[in-house]
Structures are given as structure tokens and as C-alpha cells.
Amino acid sequence: MNKITLLLSGLTLCGALALPSCRDFDEVNTNPQAASQEQVLSEYLINKAIINAQQDPHIAERAFVLYWKTAGHQHRSGGLSTGSFNDGWSSDYYARNATEGLKPIYAAIALSEKKIKEGSAKDYETTLLAVARVWRVYLLSELCDNFGVVALDGYTGTNPTYVGAKEAYAFFLKELKEASAILKTAPSVKDKAVKDLDQAYGFDAKKWRAYANSLWMRLSMRLSEVDPATAKANFEEAAAAGGILTADGRFQVIEREGWHELTGVMSREWNAQFVSPTYSNLVLGLGGISSKLQVTDKELLAKVKDDDYIGVRYDKHFPLKTTDPSRGFYLDGLPGTIDPRAYKTFIIAGHTADPEFCFYPSWNKLATTVKYDLKTLEDKTKTLDSLDATGTWNVWAAGEWGDLSAINTMVQIGTMPRLANKYRNSKSTRIFFAEWETYFLLAEASVRGWSVGIDGKDAYEKGIRANLAYHGVEKFADDYLASTAYNRVGTSVAWNHTTEPGATRTMKCIDGYTKQSTSYTFHYPPMQSRLYTQAMNDRLTKIITQKFIANTPWLPLETWSDFRRLGLPFFETPAVENQLDNMPQLTASTYQQVKVDFFPQRLPLPSKIENGNLAGHAAALKALGGEDKVFTVLYWAKH
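Below is a summary of the structure that appears in this document. (Residues numbered from 1 in each chain as written. Predicted model: local features only at pLDDT ≥ 70, side-chain atom pairs only at ≥ 80, totals over all residues. Heavy atoms only, no water.)

1. Focus on the overall build of the protein chain
Reasoning step 1: For the protein chain, the helix and strand inventory stands at 20 helices and 14 strands.
Reasoning step 2: Here the C-alpha radius of gyration of the protein chain, 25 Å, is about what a compact globule of 639 residues would show, namely 26 Å.
Reasoning step 3: The principal-axis extent of the C-alpha atoms belonging to the protein chain is close to 85 × 50 × 45 Å.
Reasoning step 4: Taking all 639 residues of the protein chain together, 62% fall into the buried category.
Reasoning step 5: Across the protein chain, the fraction of contacts at a sequence separation of at least 24, relative to all contacts at a separation of at least 6, is 76%.
Reasoning step 6: For the protein chain, the computed accessible surface area is about 23500 Å², with 50% contributed by carbon and sulfur atoms. (Helix = DSSP H or I, 4+ residues; strand = E, 2+ residues; numbered from the N terminus. Rg over C-alpha atoms; globule rule 2.2 N^0.38 Å. Buried < 20%, exposed > 50% of the residue type's maximum accessible area, 1.4 Å probe, protein only. Contact = heavy atoms within 4.5 Å. Areas by Shrake-Rupley, 256 points an atom, 1.4 Å probe, with all protein chains shown as cover.)

This is the structure in C-alpha cells:
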């Protein structure tokens, strides 16, 4: 094992959750088996911190998939979305972020500062220092947005002291402003050996500055509802400095097969990763692009339904006690129109000919088993209908189904669209920040009346075009952007089409019990079932709808944060045919009167913090300003 590896291994032992203090950086270097200061390089430490943030399968499954994607409604799941959490998962995620992310990045900053002060720094050391400061902000903000508090110290051998999001965000914005200014004139690294240690940008100062500015915009916008003056001032300055606006500027890290930090974050085979009701309701009908223009398989073409057909009504077999506007139906085919990104992100049930069909789990045939039964109400041993989900697009609300679970066996791995294989096979690149997010942030700022140097419509449409291109469906862009068709929650695409939908829409369906064709009065979710009550189809709703679709599946923490901040886009409540154990506030009589605490707001702090640092834990709760519970609202979130 080389000396650098020995040093980094030592750093990982000094966790922010640990009771004893670790030796400081200089003391570590007195170990004759560890590297001397002259042998340790900041670029190695930065490299370690960036790679660790990718998350190995153990951490990614818990944080990225089971927490963020669930709370951010990017896939169908219970768990955190129904109020439950796992202290072990939280502890593992927190400890790994602190010990293998923040500890080396703090060490990199200390080392660069020391070398610059002593005059022993290389010409690009100022670049490394600025890069480390930017990445430190990302890592700290990730923790803060999960737990609502964060330690700004404690990563260099002392027990941490915690601050709330208000103080933390002031630090983040100041750091990004200063780092951006440094990177404006700092030199890029030329040495290939050093460049190879930056998995994102090869220590290109220009690209790091663009990322710093886009991150500055993201975090500034986080304060839009609680401190609009600070948000506006910082956002305008960041926008003027210039963010990520092109595909080659994306902050992304390549994935690799195996079991290590670069393994794909969504690669675990036992995670089904179904499409979510939220995503489905947003894309159904949105953009007016016919499924017949999107699918080429003859069998699939034959399954495309009329645009005003909603499906087969089985209101005694699927849960109705949820705000999901599509509740109670089984769509026995494909929707007439759907956002063209949907079939690229989630693969149609049973469509095994699609090269992106995911066959996980590989040890059984559940992914390709599509035929299940609905049982009769009178006798649960008798079959009412045998359904074949091949070539269908369905998803039903998670939650507590009660007695329906005994007569409905349709909620299975093979019956719903699931995440495309390209996101699961560890052969892609994980996106931390893309150009479309910058454009959607600029569009939101413009709607708020902030001066950002670009028209809101222009920014909005550029964001959509960029994401359509990412999915390879840019040929639909012009028609899509002009569409005034509403999705299932009453939102359209066209920027200047802000007409609200009516409360209802008449659709065609089949009565699952009589087999007769009939009509159904479809209700868009009313304002009492929404947290954002200004409109269904205003420009802010359009922007966040597009941002949600574009950020699926790479940025679930952002979709969760946008919902916590704005109540957008529309999230359905879990089904409550029976009471949920961890959500007593959500009941069969209250679910239609939606409140903030019907949705998770944060992760409780790991118990190891309280057990190992009682004073620090008490300070953290004081900084949080509320109970250490899932439903305690963060400082910047919607109250």
C-alpha cells in the first residue's frame, strides 16, 4: 500500500460521529508510515472527496434510492414517503459523507492554504483551493438539506458543533461567491496526471467556476420563500457570473461496474424502481406527442389508446383514498399522448424487446412475469379477471391498501414501467448538475422579477430542449413546446398558455365489472389537495414540472427540495385504506385536505450523534428549531 493510500485510510477513521477526537493533520504526518506534507497533494484529497460523493452501493441504495428517490417521488415506494426511516441507513450515510467526503476536503483546504502561505505552492494551488471550497459547499449542503442542520467544523479532529440551515446557507453563499471570484482568473491545470485526479472537470478553472455559479444559483433559490431579498441578490450576482449552459459543462462522474464508490447509484437488483404516480401524472398527456409517433413495435402500436381514454375502472380493487387523480383505473394499453421522455426513462411493462428493458432481479423471472389476477369480492379464491400487463402503462399509489391486497395481486415487478437499464448497469455517468437545471433556475428567477440577463420563456424553452436532446427526442421539441394539452394535474407546456383547466374532464373508460363502455368524469386535483394553491397552470408550475421531469432520475434530492420549498409539482398522498403506522396525521377522513406534514421533510439525526456528542446533539436540535422528526419543516421549506 502506498503512503497516500495509508494517509487517506487514516483519514477515513476520523469520523464526525466518533466520540474520541482524531489527531490533527500535522500529527498524522508524524507517523513514519504516513506521507510527509511534501508527498501529500491536495488533488488526491479532492479526488477522494469527489469519488466518495458518488456513493458505493451500500450507501447509494440507502441514501439515493430509498431516501431521496422515495421522498422526491421519482419512483413508487413507501418508506420515507410514508414517514418511516432507518437509523442505521442514516448513520451509514452521514458517517461516510463526513469521513470520506468532508474530512479529506477539509484536509485539502488546510493543506493548500498552508502551502500558499509558506510559498511552497505550485502555480495551480489557488485553483485547487477554490475547487475544494466549492466541493465542500456541495457536500455540506447535501447533509444540511437532508437533516436540516449541519456541522461546519468537526472534520479536522474535533467534535462538531451544529448550525441550522439559516447560518449554513449564509456560509454556503459566501464561500461560492469568493470561490467563483478566485476561479475567474485562476489557472487551469495542465499536467495530465493531475487533471486525471478530477473526475468531473480535470481541474479546468473555467468549468469549475461555471459549476460554482450554478450551485450558487441553486442554493440562492432555496431561500426564495424564506428570505427573498438574500435569494435575489445572490442569484442575480451568480447569474451575471455565468453558470453551466452547455452539455459539455455538466458536472457528472462516470460510473463503473463492481462494488466501489463509482458503481452506479441505482444498480442494486432488488430495488424495483417503478415509475411513480407523480411522474406518471405529470407526463400523461403533457406535450401532446402521440404514442404512435414514439413506439415502432407493431404489438405496441396496436396497444395505443385514444387520448381521452383513461382505462378500465376497478374502483373496488384499487385504492381510492389517495389524491392520485388516476386512482381506481387499470390502463389496458398505452396512453394516447405522453411526454416523449417517459418511454426513454421508464420502459413499458413487458416490452422485453426494448434494449433498455431491465431484467433485474436476474435470479428469477419476476421482471418478465406480467399476468396476475383480480379476485372476486365474494370469494378471494375465485378470479374476477386475469390481467396481462404486457404493453401497458400503469402505476398505483403506494401506502396502505388494507383489504384490497387480498383481492388484487397486480402490484408486482413486471406489471409497471421500471427504470431503464442504462441507469442501472453502471455504464453511464451520474449527473450532479446539468445545463437544463441552470436554465430552469433562470426561468424561475425571471418569473420572480429578478434581473438575470435572459427572458423567462427563452430560459424555460432552452432547458426543455436541452433535456429532450439528452434523451434523444429533440425532434419533438417544436411541437412539444407549442402544446396546450394538459397533463393529469392540469399543467401544459406552452409558456404563454396559462389558461387554467376546468375542474373536470369527460373521459372514456370500461366498467371492469360490467365490461361496458362508459364515460368517466375525471377531476383534476382541486386546490384543497395541493400545497401550491396559486394555480394549476401558471409559469412557476410549468417550470417546476419540467425541472422535475428533467431531473429524473439523477437528481432526486433536488426534486424533494423543490417540493419542500414550493409544494411543486403536485405530489399525490399515500393510499390510506388502512391507517399508516408512521403518519397518524394522514387518515381516510383527512387525506383530501392536504397539509405540509403529509409529506416527509427531513431525516432525523443519526442516534450515534446523540450517543457520542450529547452537547452537540442538543445544539443541533436548538438550531433545527423543532423536534428531531421526519415531519419537522426545514428553515427554507414551505411552512
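2. A short note on the pattern of salt bridges
Close approach of charged atoms allows side chains with opposite charge to pair.
Reasoning step 1: Under the definition given, this model contains 33 salt bridges.
Reasoning step 2: Glu178 serves as the salt-bridge partner of Arg133, at 2.5 Å between the closest nitrogen and oxygen. Residue Arg133 is located in helix α6 (residues 125-147), and its partner Glu178 is located in helix α7 (residues 165-185); the two are separated by 45 residues in the primary sequence.
Reasoning step 3: Note that Lys457 is salt-bridged to Glu461, the shortest N-O span being 3.1 Å. (Salt bridge = Lys/Arg side-chain N within 4 Å of Asp/Glu carboxyl O.)

3. Quick word on the pairing of strand β4 (residues 309-313)
Remember that side chains alternate between the two faces of the sheet whenever the strand is regular.
Reasoning step 1: Burial analysis of β4 places five of its five residues in the buried class, the great majority of the element.
Reasoning step 2: In this sheet, strand β12 (residues 504-511) lies alongside β4 in parallel orientation, the contact comprising four bridges. Across the sheet, Gly311 pairs through a bridge with Cys509, a residue of β12.
Reasoning step 3: Sheet topology note: the β4/strand β5 (residues 329-330) ladder contains two bridges and is antiparallel. If you follow Val312 over to β5, its bridge partner there is Tyr330. (Pairing = 2+ DSSP bridges.)

4. Notes on the pairing of strand β13 (residues 517-523)
Reasoning step 1: Bridge analysis of β12 against β13 gives seven bridges, and the strand direction is antiparallel. Directly across from Lys508, in β13, lies its bridge partner Ser519.
Reasoning step 2: Count of turn residues in the β12/β13 antiparallel hairpin: five residues, of which Lys515 carries a positive phi of about 65 degrees.

5. Comments concerning the side chain of Thr573
Reasoning step 1: If you trace the backbone, Thr573 turns up in the loop between α18 (556-566) and β14 (575-576).
Reasoning step 2: Relative accessible area serves as the criterion here: at 0%, Thr573 is assigned to the buried category.

6. Some thoughts on the packing of helix α17 (residues 539-551) against α18
Reasoning step 1: At a closest axis distance of 9 Å, the pairing of α17 and α18 adopts a crossing angle of 160 degrees. Viewed along their axes, α17 and α18 adopt a mutual orientation that is roughly antiparallel. Seen from above, α17 lies across α18 with left-handed handedness. Across the interface between the two elements, Leu540, Ile544, Lys547, Phe548 and Asn551 from α17 touch Pro556, Glu558, Thr559, Asp562, Arg565 and Leu566 from α18. (Axes fitted to C-alpha atoms, helices over the stretch in contact; angles between N-to-C directions. Parallel < 35°, antiparallel > 145°, perpendicular 65-115°, else oblique. Left-handed = near helix turned anticlockwise from the far one by under 90°.)

7. As for the sheet that holds β5
Reasoning step 1: Judged by pairing direction, the sheet is mixed, and its four strands sit side by side in the order β5-β4-β12-β13 without closing on themselves. Unpaired on one side and paired on the other, β5 and β13 mark the two borders of the sheet.

8. A short note on the packing of aromatic side chains
The geometry of an aromatic ring pair is captured by the separation of the ring centres together with the interplanar angle, meaning the angle of the planes.
Reasoning step 1: For the structure shown, the criterion picks out 39 aromatic pairs.
Reasoning step 2: Arranged with centres 4.7 Å apart and planes meeting at 75 degrees, the rings of Phe329 and Tyr520 form a pair that is edge-to-face. Placement of the pair is Phe329 in strand β5 and Tyr520 in strand β13, with a sequence separation of 191 residues. The residues Phe329 and Tyr520 share a single accessibility class, namely buried.
Reasoning step 3: Look at Phe357 and Phe359: their rings are 4.8 Å apart centre to centre, the planes differ by 65 degrees, and that puts the pair in the edge-to-face class.
Reasoning step 4: On the accessibility criterion, Phe357 (7% relative accessible area) is buried. (Phe/Tyr/Trp six-rings, centres within 6.5 Å; stacked < 30°, edge-to-face > 60°.)

9. Digging into the environment of Asp56
Reasoning step 1: Looking at the secondary structure, you find Asp56 in the loop between α3 (42-53) and α4 (57-71).
Reasoning step 2: Here the alpha-carbon distance between Asp56 and Ala95, two residues 39 residues apart in the chain, equals 13 Å.
Reasoning step 3: Beyond its immediate chain neighbours, meaning those up to four positions away, Asp56 contacts Arg96, His260 and Glu261.
Reasoning step 4: In terms of polar contacts, Asp56 uses its side chain to reach the backbone amide nitrogen of Ile59, at 3.0 Å. (Polar contact = N/O pair within 3.5 Å; in protein donor to acceptor, adjacent residues only side chain to side chain.)

So far we have only geometry, and geometry alone does not tell us how the molecule works.
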